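Listed below, chain by chain, are the residues.
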Amino acid sequence: VHLNRQELSWLLAAFREGRISEEAVVSRLQSDGSEPEVPAERRVSLLTVLDQFRAAEESGAETLRKWALLTESAYLVGGLRAAAAREAQHALLLDQRLRELGGVPRAEIPHWLRRLNAEISDPATEDAVRLAIIVRSLPDADRIAGEVNELTEAAGDPLTTELLRNICADDLVTFRWFVSAHHMIGG
Ligand SMILES: [Fe+2]
């Protein structure tokens, strides 16, 4: 086993905190070093960021579904259902990749996102305000995607990199739709 002391501490800490599965620890301990291994520290931070991204996508899907039920605009319902479906799909793809890499989905969304979701799901909020909030806040979500991308490239993981590239391309479609809806309804 080609594993130094520091890497071992990282693996064990990640396992204790529930960020990686027992199988992931065992398979790392059993690997004979024939495959180039990504250092545990970098791997664990990739799993953490993938998990955070997964949680954000899942919460986004849920919020957009709620909004589609709240709005009286048929135009918005059409776009929101399609956007919610894309987000839900992203959450599933990230969940699958996280588990393949030995991670455990457990991340919770950050405070700013929880507040944003609550504001959008509030029946008292007007659509124009919801759209303004979304258009103002979405570039923040891109930051997470950028962070994951950097990590996958550093980890030499082409599958995850390509998955993220496709997810980000979809998110751009969603973002553009929000911008046009904002122009149309937000005035
Ligand atoms: Fe997404």
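One can find the structure itself at the top, above this paragraph.
Residues numbered from 1 in each chain as written. Predicted model: local features only at pLDDT ≥ 70, side-chain atom pairs only at ≥ 80, totals over all residues. Heavy atoms only, no water.

J.: Explanation requested: the nonpolar core in the structure shown.
T.: Here is a general trend for soluble globular proteins: nonpolar side chains tend to be buried in one another's company. The biggest cluster of nonpolar side chains holds 20 residues, and the ones touching the most others in it are Ile20, Leu46, Leu50, Phe53, Leu94 and Val148. Mapped by element, the contributors of at least two residues to this core are α1 (5-16), α2 (22-30), α3 (40-70), α4 (74-100), α6 (127-155) and α7 (158-185). In terms of residue count, α3 provides more of this core than any other element does, 7 residues in total. Residues in contact with isoleucine 20, not counting those within four places in the same chain, are Leu11, Ala14, Phe15, Val25, Leu47, Gly102, Gly103 and Val104. Listed in part, the 19 residues of the second largest apolar core include Trp67, Ala68, Phe178 and Ala181. (Core = buried A, V, L, I, M, F, W, Y, C linked by side-chain atoms within 4.5 Å. Buried < 20%, exposed > 50% of the residue type's maximum accessible area, 1.4 Å probe, protein only. Helix = DSSP H or I, 4+ residues; strand = E, 2+ residues; numbered from the N terminus. Contact = heavy atoms within 4.5 Å.)

J.: Whenever I open this one, the coordination of the iron ion confuses me. Can you help?
T.: Ideal geometry at a metal centre: 109.5 degrees between donors when four sit tetrahedrally, and 90 or 180 degrees when six sit octahedrally. On the protein side, the iron ion has Glu57 (OE), Glu57 (OE), Glu87 (OE), His90 (ND1), Asp171 (OD) and Asp171 (OD) as donor atoms, found 2.2 to 2.8 Å from it. Coordination at the iron ion is irregular, judged from the 6 donor atoms that bind it and the angles of 51 to 160 degrees they form at the metal. Between the donor residues of the iron ion, the gaps in sequence give the motif E-x29-E-x2-H-x80-D. A residue pair is termed long-range when its members are at least 10 positions apart, and glutamate 57 in helix α3 and histidine 90 in helix α4 qualify at 33 residues. Just as glutamate 57 is buried, histidine 90 falls in that class too. (Donors = N, O, S within 2.8 Å, 3.2 Å for Na, K, Ca; no water. Tetrahedral: all angles 85-135°; square planar, octahedral: opposite > 155°, others 65-115°.)

J.: Looking at this model, I keep getting lost on the pattern of salt bridges. Mind explaining?
T.: One pass over the full model with this rule turns up 9 salt bridges. Where arginine 19 meets glutamate 17, a salt bridge forms, and the shortest distance between an N and an O atom there is 2.7 Å. The exposure class of glutamate 17 is partly exposed, given its relative accessible area of 41%. With its nearest N and O atoms 3.4 Å apart, the salt bridge here joins arginine 54 to glutamate 58. Remark: glutamate 58 and arginine 54 occur in helix α3; sequence separation between them is 4 residues, near one turn of the helix. Sharing partners across several salt bridges, the network here consists of Asp51, Arg54 and Glu58. (Salt bridge = Lys/Arg side-chain N within 4 Å of Asp/Glu carboxyl O.)

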